[in-house]
Amino acid sequence: MPTKRKADGPLGASSKAYRQGKLFSFFRQQPQEKPNLDAAASAIDPTKNATTVSALVKSLPLATKAVKTAIPLQATQSQTEQDTVDPTATSNSGVIAKLQHGDCIQVYWPDDQEYYAAKIVKQEAGSARFFIKYDDGQEEWIDLASATFRISDAANATKPNKKKRGHIQESDDEEEENGFVMSDSEDEGSVYQDEKQANGDNDDDDDDQWLVSDEENDEKRASVRPKKLKVVAHKTPARSSFEASSFQSIQKALKPSTAALTPKQITPVATQSSNKKSTPGSILAHSNSSSFQSPTISSHNNIGKTCAATLSTGAPPMYQREVVNPPGSHVHNHLTFLQYAHRRDAQNRPTSHPEYDPRTLKVDKIELEKHCGKLTDGVQQWWDLKAQYFDAVLLFKTGKFYELFHMDADVGVQICGHSYMKGHVAHSGFPEAAYGKFADMMVRAGYKVCRVEQTETPDQLKERKKKHKGKGSPKVVNREVCSILTAGTRTYCVLDRIDDTADASSAGVGPLLAIREVLLDLPSSQDETEVQPVCEYGITLVDAVRGIVTVGQFADDVLRSRMDTLLLTFQPSEIILQGGNDGASQSLRALIHSSQQTSATKFRVEYVLGNETFPRSNAIDPEMRRQLERRGTVHPWDVQETLDEIHRRGYYPRASKKGEVGCSVSRWPTILQAVVEGSAELAISSFGAALFYLQRNLIDMEILSMGHVKAYVPPASSVAHENSARSMGMLAAQEILEDDEVIASSRSLSAPSRRNHESEEMDIDAPFHYNEEDVSNMALDGTTLMNLEILANNADNKQNGSLWSLLNHTKTPHGNRLLRAWLLRPLFRRADIERRTDAVQELVSGSAAVALSEAAAILSKCGDIERLLSRVHSMGVIPGDGAGNDDTSVSVHPNERAVLYETATYTRRMVSDFSSLLNGLREIDRIPEAFAGIEIRSGLLNKIVKRKDQGGSFPDMTDTLDWFYENFDCGKARQGQFEPAKGIDGDFDAACDAIDCILDNLEQYKNGMCAQFLSPASLARSSWKYINIKPDSKDKYLIELPSNVVVPVDFIVKGKRGTGAKQVIKYRSSAVEKLVQELDLAYDVQDQRRAIGMKLIFSKFDSMRNLWAAAGQATALLDALGSLAKASSSPGYCRASILDCPRGSTSSISVVQGRHPIVEKTLKTGEFVPNDVTLGTNSKRILLLSGVNMGGKSTCLRQTCLLAIMAQIGCFVPAESFELTPVDRIYTRLGASDRILMGQSTFFVELAETAAALRGATRRSLVIMDELGRGTSTFDGTAIASATVKHLVDRTKCISLFATHYHSLLDEWQCHPNVMLGHMECVVESENVTTRRDSADKSTITFLYTLGEGIFPKSFGINVARLAGLPSDVISNAARISSEFEREMKEGATANVLTGAKACEIKARFLEAMNEDDDWESKLVHLLEEVH
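Conventions and cut-offs
- Residues numbered from 1 in each chain as written.
- Predicted model: local features only at pLDDT ≥ 70, side-chain atom pairs only at ≥ 80, totals over all residues.
- Heavy atoms only, no water.
- Pairing = 2+ DSSP bridges.
- Helix = DSSP H or I, 4+ residues; strand = E, 2+ residues; numbered from the N terminus.
- Axes fitted to C-alpha atoms, helices over the stretch in contact; angles between N-to-C directions.
- Contact = heavy atoms within 4.5 Å.
- pLDDT = per-residue confidence, 0-100.
- Core = buried A, V, L, I, M, F, W, Y, C linked by side-chain atoms within 4.5 Å.
- Buried < 20%, exposed > 50% of the residue type's maximum accessible area, 1.4 Å probe, protein only.
- Phe/Tyr/Trp six-rings, centres within 6.5 Å; stacked < 30°, edge-to-face > 60°.
- Lys NZ or Arg CZ within 6 Å of the ring centre and 35° of its normal.
- Expected span 1.5 Å × (residues − 1).
- Salt bridge = Lys/Arg side-chain N within 4 Å of Asp/Glu carboxyl O.
- Parallel < 35°, antiparallel > 145°, perpendicular 65-115°, else oblique.

A.B. asks: Explain the sheet that holds strand β7 (residues 392–398) here, please?
C.D. replies: Strand pairing in a sheet relies on backbone hydrogen bonds. The paired strands run either parallel or antiparallel. Pairing is mixed in the open sheet, where five strands are placed in the order β9-β8-β7-β10-β11. The open sheet has two free edges, formed respectively by β9 (427–431) and β11 (479–485), since each of these has just one partner strand. For this sheet, the mean inter-axis angle between neighbouring strands, taken without regard to orientation, is 30°. Packing of helix α8 (residues 377–388) onto the sheet brings it into contact with β7, β8 (401–405), β10 (448–454) and β11, and relative to β7 it is tilted by some 150°.

As structure tokens, this is what we get:
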């Protein structure tokens, strides 16, 4: 057994330390932090702390700035004593209040034990949060009220100009970005040109030119007759370049106040020519061929299986050149190295090797050239990428089209309905505009989609050629993998969405799940009440759409019930398992395979090996390649390598400036910090695998920079809570109210404080003791969720007919998710249940119900706030954003260099998302108005619908939203005409100032020349005219003057207009030429910063994400409560009475005229027969239920559980009255099914579920069992059922409903004081017809479906056989044999059978004998003999 040790983390426990007791779960203790919502509700004042133009320009980072190493500041003792501000002091508010923009301070970093100099850039209004910039260039927000700092002696050496230019505070992520630049440059793409018309200077083999270089026109496709391809160069007008020194002359020639502009590298963006139309060829659907195999959704190598389909059935047909070949007869169908039997990965391992990597491929170039001839550079580029991404469909960008070749073209034809192009190489394609549609089709079919973009233009290629002379000169434009789409890693960015509306395409997308498993070899537990663990899991869930990461670690039993529950709860779209000999166990694989067969939404399975190779980056810049790659052998599941990689990439703020790998994690998200400090190695291991996968798919920074990490706590585990106490999410999960204040805060998404995290030390070696006071939620495991049909029905796994379909009336996606979370984890504490139910009851009727109907209309318009916030975050990511450790940490992404042609479409989508979010938040801001003037009695409801000035916690967003509406014109932005307002972007403002200054100097130059150098001066002054003054004009600012005006000798004639006396001459002077050069430079900077300005708006909006998230949580709460109110308003529903259950007392449940909520909806009004169930109040805790088959026993059992769940989520229940003590866990043993893939028979599954109930149930649990023991012999089944009842009666002492057909069991327990006998009533009309050959009981049974007292004498199974349609002779024989068995049982050794009735008689006689004064011993001996 592994060694136990103490965990230092606030929530953690060592993954190697396993304690006996309830199954281990890493997260089991709730943090004690209780911040409030005040910070979230206080909107940032956009009119304060605006800086001057010069200050904005000076504060902007230069593209060429050097990164300096921060030098720790050494202070003298006296200085430290005088100036250091201790956060624990009570008189520091005055010192902090005096700080202002420009002050210099020194901040103490505990992990370095050093002070670092910084300068205050701005302050958040009304708080102690300051945005500071360190000497090494790093910027961050810091709460000085909780940090140790000292005021520098050099403070306030120079004060900034107080002139205000903006209306919003600057964010910490305003740095330069290579964004979507609307460029006039144009890349013509690829041309499919007839060789006879092409130049003959191409020395590549003609037969191999199925892929051509990027300098070819992409418009002419071979669709009529076979054409051979040739490279044809097209010249693209180069965009003007500029250098920093270009603006230095402006400082001399123009006004002294002209600001220097910083040159930026312009992102290469191509625009589609308006006068040409391109099509990828006809889209004709081919009939399915035997060469195609539909991909299995769980397969991680569908591509390889598709390309080898025909090879497995014999030699494929030989391909033909210059014609359209049928499926299965292309070049790739003849390549041996693609066949599964001969295939090898990049490490030369065959497919039979346990460490075989299906993502890579070893290409046999000799065989390839045998079929295709000499490979061109373009072909070689494709095969190099395919060798690294063999399991993905490559969408290879050539010009304006995505091309699919070889086996990828097969997928395009089969899945997307493409048609093959002519040639021996399989080839299809589609335009860039259709990427979202076809990528979605492939992903939904189970494929990976790898998007390969051109990351340089032909002009940039020419410049690169000049630097590489000789044989190594590049011949094709550079291409890089920009994204890999899979089912679990789709972020639905502006490229891969089908429509421009909010979330239609992303509905129902599940998360990515990474699982690390370790099998346990532990001795059997001596305590029979404990669940025996057999394995331990570390899990990481990544919700790519919302940017949420969830981690957890827990042990599991033989049925893998917790893992099964997790799969049902989250319904992942993709699962990552460890491959190889030491990977996932066969039991886990079988469980996942079984879930695939039963899940309504299919998912794919990916195997990640212990030793992996990371794809090489094609980035031209070596530094970019270094940051994008993971060199050498990668160990995704290794704990230390995972931590080092997180530090290296800087996803989270670093805690030390010394820069060592493996430094402190004190500023990481709290949950992740607890996992690391608590040594939850399996959780970290799974996180590492997920990180590896996200990095391969190039979305790691986009997701992890959100900093949103949550904890997963499995149901029925030791007590724990998800750590969302620092956000309004805690209120959404549990609505904990203390001292009339909602425990919520917008700080949860901010960077963690640098304070040392102090927490109570936990001894995980100590034995586990169940404590009811620590339980906050009812536990529902996967078996219960399925048996009770909570989320989906058992017929077709659809939502119809489930409890979820009954309760879900939400109007928003985020409200939908919250209500689902409530249903999966009902409340347990009475105060929490009453608090939520009070809110629901107030919304059911009265003025609040009227206001809710108005609010529902508002909610239906707000969209999915959580997902839109995640999108805006990704759209606003600019260099230096997120972790803030590396100015280029985001700009290295290949997407920033991609040459795109549909930028106008992508811009419209971005603006549409942002506009939808703004409009949604504007609608949300109206919710308090709907409830204005209404007296709200519920504390919870009051908090979420009233603003702070009205005693609530609803965030005030009005002023902040107004600023964004004023400074972001959505209409202009959709048309690509967005222009940042003053104060948003300092570089843009500087460029605008420079342009104004240059134009002013041009006007001054005109006045000076007319006054001193031109004659006649009056004619020159009246006729001087500048022409070509538009920013995109050529020959800008030529001077037009009449021919009779005398000009200086430096005036150069550029043209003439007119004749004779009316002739006008166009001049260009050296002074104007110099100014025009500077003007062009300024226009270039303005154009670039105009594109980045939109991202700056998004980034500024994202910096206030906490405010918007708080509003989203408030609306989710109101939406979920409104949905419960809608369900509770159904006729015949009542509010449940929640009773206390002090220690030593008995749990109870009392239902009067209760109805099954789902079955009732399927029947006409009044058809459902209600029932009464009362247990626990009269010491009878267990109901032994008998009755005829199909009499309603299972319905009664399920109904009781469903009513308890509904009551504990705060909903009304279908009954006349309902009372219960809160239930901590529900266990169900219903139905019959096996797990053949896991080697578990029906009877084994039945007993394993029973064992889970007997070991896990407490006195506060609710257990239902239906026909336990039927999977074995009658004697064994009866014995097991009897022993189970005894355990529930004597040891567990919980509320139980036990349905059985074992009448001897009923006889045995009929006199027990804690057992109640009941049966489902019916009317039997006997029509017995008995002959020698037919003794069938022709009784007619009328089901009453009412619960009565006592034992029902017969089950009437023959009647069910008749209803099921068994042959009459079978029914007759069965009835005869049944009668004989029954007669033998009655006539047999009845006297020797100790029935329950006889036991009661013997007990009475025994007591009577004991009370006799004379001869009691002889009577007792006689009695014992009679018994034996």
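A.B. asks: What is the right way to look at the confidence of the model for the chain in this model?
C.D. replies: Segments scoring low in pLDDT should not have their predicted coordinates read at a detailed level. Counting all residues, the mean pLDDT for the chain is 74, and 70% of those residues have values of 70 or more. Segment residues 29–82: pLDDT under 50, and 132 contacts once partners within four positions in sequence are set aside and those in other chains are kept. Ignoring residues within four places in sequence, the model shows residues 879–890, a span with pLDDT below 50, making 33 contacts including any to other chains.

A.B. asks: I tried to follow the nonpolar core on my own but got confused; where do I start?
C.D. replies: Soluble globular proteins tend to bury their nonpolar side chains together. The biggest cluster of nonpolar side chains holds 142 residues, and the ones touching the most others in it are Leu803, Leu921, Phe931, Phe968, Phe1101 and Trp1108. In terms of residue count, the dominant contributor to this core is helix α34 (residues 1105–1128) (twelve residues). Among all residues touching Phe931, those that are not within four sequence positions of it are Leu843, Ala848, Ala851, Leu852, Ala855, Ile936, Val945, Lys946 and Leu1118. Ranked by size, the runner-up nonpolar core spans 38 residues in total, among them Ile646, Tyr652, Tyr693 and Ile703.

A.B. asks: Could you clarify how one ought to interpret the packing of aromatic side chains in this entry?
C.D. replies: The geometry of an aromatic ring pair is captured by two quantities: the separation of the ring centres and the angle between the planes. The tally for this structure, following the rule as stated, stands at 29 aromatic pairs. For the ring pair Trp963 and Phe964, a centre distance of 5.1 Å and an interplane angle of 85° mean the geometry is edge-to-face. Comparing Trp963 with Phe964, the two get one shared label, buried. Considering the side-chain rings of Tyr1026 and Tyr1037, the 5.4 Å spacing of their centres and the 65° angle between planes classify their relative orientation as edge-to-face. Separated by eleven residues along the polypeptide, Tyr1026 in strand β23 (residues 1025–1027) and Tyr1037 in the loop between β23 and β24 (1038–1042) bring together distant segments of the chain. An aromatic cluster of at least three residues, connected via ring pairs, comprises Phe914, Trp963, Phe964, Phe968, Phe1098, Phe1101 and Trp1108. Taking the ring centre of Trp109 as reference, the NZ or CZ of Arg667 above it sits at 5.5 Å.

A.B. asks: Help me understand helix α37 (residues 1242–1256), please; the structure alone is not making it clear to me.
C.D. replies: Structural remark: α-helix, 3.6 residues per turn; residues separated by three or four positions point the same way. With 15 residues, α37 should reach 21 Å at 1.5 Å per residue; the first-to-last C-alpha distance of 21 Å fits that figure. Looking at α37, one finds that the buried residues are Phe1243, Val1245, Glu1246, Ala1248, Glu1249, Thr1250, Ala1252, Ala1253, Leu1254 and Gly1256.

A.B. asks: I would appreciate a short explanation of the pattern of salt bridges in the present structure.
C.D. replies: Close approach of charged atoms allows side chains of opposite charge to pair. A complete count under the given rule lists 51 salt bridges for this structure. The salt bridge partner of Lys448 is Glu606, with a shortest N-O separation of 2.8 Å. Taken together, the residues Lys448 in strand β10 and Glu606 in strand β16 (residues 604–608) connect sequence positions 158 residues apart. For the residue pair Lys448 and Glu606, the accessibility class agrees, reading buried in each case. The shortest N-O distance in the salt bridge between Lys1006 and Glu1003 comes to 3.8 Å. Taken together, the positions of Lys1006 and Glu1003, both in helix α31 (residues 986–1012) and three residues apart, correspond to about one turn of that helix. Salt bridges linked by common partners bring Asp357, Arg359, Asp391, Lys448, Glu574, Arg604, Glu606 and Glu612 together as one network.

A.B. asks: How should I be thinking about the packing of helix α23 (residues 830–844) against helix α24 (residues 847–859) in this particular structure?
C.D. replies: Angle between the axes and distance between the axes: these two values describe a pair of packed helices. Relative orientation of the contacting elements α23 and α24 amounts to 85°, with a least axis distance of 5 Å. By the criterion of interaxial angle, the relationship of α23 to α24 is roughly perpendicular. Contact residues: α23 offers Glu842, Leu843 and Val844, while α24 offers Ala848, Ala849 and Leu852.

A.B. asks: Looking at this structure, I do not really get the sheet that holds strand β35 (residues 1262–1266). What am I missing?
C.D. replies: Pairing within the open sheet is mixed, and its seven strands lie in the order β22-β34-β35-β36-β31-β37-β38. Two strands lie at the open edges of the sheet, namely β22 (779–780) and β38 (1340–1349), each paired on one side alone. Here seven bridges tie strand β37 (residues 1315–1325) to β38, and the two strands are oriented antiparallel to one another. Note that in β38 the partner of Glu1325 across the bridge is Thr1340. Each of β22, β31 (1182–1187), β34 (1225–1229), β35, β36 (1295–1299), β37 and β38 touches helix α36 (residues 1193–1208); the most contacted strand, β35, lies at about 160° to it. Of the strands in this sheet, β34 and β35 are in contact with α37, which crosses β34 at around 155°.

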